[in-house]
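# Coordinate analysis (summary)
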Amino acid sequence: MSHLTPPPHSAPQAAVSDNVSWTDPARQAVFDRWMSGVAASQGLLPGSLRVASADASFRRYLRVDTVQGGSRIVMDAPPDKENSEPFVRIAALMKAAGLNAPEVLDWHEAHGFMLLGDLGDATMMAAIDP
């Protein structure tokens, strides 16, 4: 049975983001709808969603596995607190210049959810100061 097969209608269905804490249930519901919508087309396993990292802003990053064995990054950037447009524009410019930058695979601009290619979990600090 595929991880993407929905349970029978009689079974209670858990939110796809239950492994991640949310302070706003309405935002979690919007996220769950978005994730459910992109999961099949992007080959995602929503039940594997977990925190990848956070930074010093309102953004946070989640990691989700793919059916092919890889993973993707989800950026959660509430649009009332974060403007993601510069990120999308600069990532495209970097890719066009041949630099290694996250590929934007899906962007729900109105709600601030973005699916990105996963560049791995190695950090610059770990590389220069093991």
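The structure under discussion appears in the preceding block.
First, a word on scope: everything that follows refers to the structure included in this document. (Residues numbered from 1 in each chain as written. Predicted model: local features only at pLDDT ≥ 70, side-chain atom pairs only at ≥ 80, totals over all residues. Heavy atoms only, no water.)

Per the counting criterion, the structure on display carries 7 salt bridges. Where Asp 65 meets Arg 50, a salt bridge forms, and the shortest distance between an N and an O atom there is 3.0 Å. Note that Asp 65 is positioned in strand β2 (residues 60-66) and Arg 50 in strand β1 (residues 44-54), a separation of 15 residues in sequence. Exposure remark for Asp 65: the relative accessible area of 24% places this residue in the partly exposed category. (Salt bridge = Lys/Arg side-chain N within 4 Å of Asp/Glu carboxyl O. Helix = DSSP H or I, 4+ residues; strand = E, 2+ residues; numbered from the N terminus. Buried < 20%, exposed > 50% of the residue type's maximum accessible area, 1.4 Å probe, protein only.)

A cluster of nonpolar side chains, namely Ile 90, Leu 93, Met 94 and Leu 99, defines an oily patch on the protein surface of about 360 Å² accessible area. Along the chain, the position of Leu 99 falls in the loop between α2 (85-96) and β4 (104-108). On the accessibility criterion, Leu 99 (48% relative accessible area) is partly exposed. (Patch = residues over 30% accessible without salt bridge, like charges linked within 9 Å, V, L, I, M, F, W, Y side chains within 5 Å. Areas by Shrake-Rupley, 256 points an atom, 1.4 Å probe, with all protein chains shown as cover.)

All right, on to α2 then. Taking 1.5 Å of rise per residue, the 12 residues of α2 would be expected to cover 16 Å, and the 17 Å separating its terminal C-alpha atoms lies within 8% of that figure. Following α2 by one or two positions, Gly 98 adopts a phi angle in the positive range, close to 85°. (Expected span 1.5 Å × (residues − 1).)

Strand direction decides the pairing type here: β4 and strand β5 (residues 113-117), joined by 4 bridges, are antiparallel. If you follow Val 104 over to β5, its bridge partner there is Leu 116. In this structure, the hairpin formed by β4 and β5 is closed by a connection of 4 residues, where Gly 112 is found at a positive phi of approximately 80°. (Pairing = 2+ DSSP bridges.)

Distances and angles like these do not, on their own, reveal function.
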